[in-house]
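Reading the structure
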Number of protein chains: 2
Amino acid sequence: MANRFIEKLGCFAVLSDPDIALLAKMTAVSRRVRARQDLIREGDRPGPVFVMLEGWACRYKILPEGGRQIIAFLMPGDTCDLHGAVLAEMDHSIQTLTPARVASIGRLEVQELLTGHPEIARALWTTQLIDESVLRVWIVSMGRRDSKARVAHLICELYLRARTIGLASGDSFEMPLSQVVLADALGLTPVHMNRVLHVLRGADIIRFRRGALHIIDPTGLARIAGFDENYLHRRLRDAA
Amino acid sequence: MANRFIEKLGCFAVLSDPDIALLAKMTAVSRRVRARQDLIREGDRPGPVFVMLEGWACRYKILPEGGRQIIAFLMPGDTCDLHGAVLAEMDHSIQTLTPARVASIGRLEVQELLTGHPEIARALWTTQLIDESVLRVWIVSMGRRDSKARVAHLICELYLRARTIGLASGDSFEMPLSQVVLADALGLTPVHMNRVLHVLRGADIIRFRRGALHIIDPTGLARIAGFDENYLHRRLRDAA
DNA sequence: CGCGTTTTTGAAGCCCCTCAAGTGTAGTGG
DNA sequence: CCACTACACTTGAGGGGCTTCAAAAACGCG
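All chains use their own residue numbering, which begins from 1 and follows the written sequence. Lettering for chains starts from A, numbering for ligands starts from 1, and both go in the order in which the items are written. Per-residue local features are limited, in this predicted model, to residues with pLDDT of at least 70; the limit for side-chain atom pairs, both in listing and counting, is 80 or more; totals at the level of whole chains, interfaces and linings are taken over all residues.

Observations concerning the protein's contact with DNA strand C
Around DNA strand C sit 16 residues, and of these Asp 146, Ser 147 and His 192 of chain A together with Ser 178 and Gln 179 of chain B come closest. Think of it this way: any DSSP run of H or I at least four residues long counts as a helix, any run of E at least two long counts as a strand, and we number them from the N terminus. When residues of the surface near DNA strand C are traced back to their parent elements, those giving at least two are α7 (190-202) of chain A together with α6 (179-186) and α7 (190-202) of chain B. Residue contributions to the surface near DNA strand C peak at six residues, all from α7 of chain B. Here the residues of the surface near DNA strand C are counted per class, giving six nonpolar, seven polar and three charged. For each residue, a C-beta position is placed from the backbone atoms; the residue is near a molecule or strand when that point lies within 6 Å of it. Classification used: nonpolar for Ala, Val, Leu, Ile, Met, Phe, Trp, Tyr, Cys and Pro, charged for Asp, Glu, Lys and Arg, polar for all others including Gly.

Given below as structure tokens:
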């Protein structure tokens, strides 16, 4: 079974065979987690680094009044909190959205990867920086795009990320997110989320049913989103 | 004249005298920059690390339709893009908001700080993680807070940050941001920004005039904002 | 003093929210 | 096979928060 983590890191650095073997060994032990389980909660002391091997999860915060805001989606291959050890406590929670398989890498092992294996370290830092870039783009979306553009933009992002790790086939990919979850991520109500999807379907832009999303009109979708994929940094610095 | 950069790092690690001397030397050379000057633009190859010594700046992105979204405020003591060298190009721009004094530290020197001076490295990583935490909280604000709470929350954040670096006196601090700039940061129109400030003034929560902000009712402000300062991580991991 | 920028105020309208009810779609157990 | 439950999705009606458009007032700087 494919290790999306190693595949993903391989996109951002030239990993040697020993590098790959080491990463495989560190993620060899994994546990299954049901959907809707917190991996770690706001206020907890940071623990080991989680690596998503299968399934989706999200970072989120709960507001005093009870609302939830999702801050990031974690897909297979993604890691959580590379260097959280520096801070006293988690400032957000992480929860699975689907049944998942998760590996844990201890702090010391992470330290070894970062200091003793330059190419792995480089790949890890790159993914970290891209995650940060995605946060910035989310802020732009929330601040300046209307609901239709916001939904379209998120779909573009998730599609490209899914494709990078080999989870997309053609213009379709598995997106096991309910409309409630999407609404929590985009700062909308589930009701309005539903209406926006209705419009996008009616305009023959996408088809979305129960976990699978098909993009009928990629150009139209990107135009509605005002999508510029540079922020995902899929071009490497020294690739030229 | 105080070096806010060193003062700030001193909040997050125990710096030795040689550490302090080294940081002072690296930021000894600085240049003055007028207001509204781009330090670096989206699409540029990352350059040296900038250190704000005086004045304010912001990260921002311009949308295809012309709108601007500010993604972060940089105050004296803040650094930009600690490790940007890994990525091929900037995914956002940085611009001064006031006349400023900026030091530049070359990539090699940064590398030396990170690998050869553990306490400095620790402090730099901490500030980096806090910046990321702030991004997450901004997403929460944009997604789930109405305009009044959003404005109140930003004021709370900026006040605490200003106080950390010694820029606040009592419940007042210098906040040289126009209403247009605040609107660009909060995803509002300048017109509405003005009305929200009007309400907050009318309720005797704040006073805000030309660069100086006075918080009349800190408790009321924090209540409106739903403010929880944990995300600024002013408590250190090993402080206990 | 004159000019650009910032702040302020008004009026009208739309986007998205709130409240509410109804319709699938699975899964469980009788 | 159906009853029951839980959850996700769908649709309607009404309201409010924020925007848009427009213009005037106040400020700051040469």
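With respect to the domain arrangement of chain A
All names here are of chain A. Note that domain bounds follow an automatic or database assignment of domains. In terms of domains, chain A is made up of domain 1 (4-134) and domain 2 (146-232). For domain 1 versus domain 2, the separation of C-alpha centres amounts to 24 Å. Contact definition: two residues whose C-beta atoms, as placed from backbone geometry, lie within 7 Å. At the junction of the two partners, domain 1 supplies 17 residues and domain 2 supplies 15 residues. Put simply, the parts of the chain that give the side of domain 1 that touches domain 2 at least two residues each are α1 (4-10), β5 (68-74) and α4 (118-144). By residue number, the principal contributor to the side of domain 1 that touches domain 2 is β5, which donates four residues. Among the residues making up the side of domain 1 that touches domain 2, the classes are represented as nine nonpolar, four polar and four charged.

Let's talk about the relation of the copies chain B and chain A
Screw-axis analysis of chain B against chain A gives a translation of 0.0 Å along the axis, an RMSD of 0.0 Å, and a rotation angle of 180°. Look at the turn and shift together and you get a two-fold axis relating the two. All copies are superposed by least squares; the fitting set is the C-alpha atoms of residues with a pLDDT of at least 70 in both.

Focus on the environment of Val 51 of chain A
For Val 51 of chain A, the position within the fold is in strand β3 (residues 49-54). Ignoring sequence-local partners within four residues, the contact set of Val 51 of chain A consists of Phe 5, Thr 27, Thr 79, Val 102, Ala 103 and Ile 105 of chain A.

Brief notes about the sheet that holds strand β3 (residues 49-54) of chain B
Residues and elements named next belong to chain B. An order of β1-β8-β3-β6 is seen for the four strands of this open sheet, with the pairing classed as antiparallel. The strands lining the two open edges of the sheet, one partner per strand, are β1 (30-33) and β6 (79-80). Strands qualify as paired when DSSP identifies two bridges or more between them. In this structure, β1 lies alongside strand β8 (residues 100-105), joined through four bridges in antiparallel fashion. Across the sheet, Arg 32 pairs through a bridge with Arg 101, a residue of β8.

Describing the pairing of strand β12 (residues 212-215) of chain B
All names here are of chain B. Remark: C-beta atoms are placed from the backbone, and a residue is labelled buried if 20 or more other C-beta atoms sit within 10 Å of its own, exposed if 12 or fewer do, or partly exposed between those counts. Side chains of β12 alternate between two faces, with Leu 213 and Ile 215 buried and Ala 212 and His 214 left unburied. Bridge analysis of strand β10 (residues 172-174) against β12 gives three bridges, and the strand direction is antiparallel. By the bridge assignment, Glu 174 is partnered in β12 with Ala 212. Pairing between strand β11 (residues 206-209) and β12: four bridges, direction antiparallel. Looking at the pairing, Ile 206 lines up with Ile 215 of β12. Between β11 and the antiparallel strand that follows it, β12, lie two residues; Arg 210 among them carries a positive phi value of about 45°.

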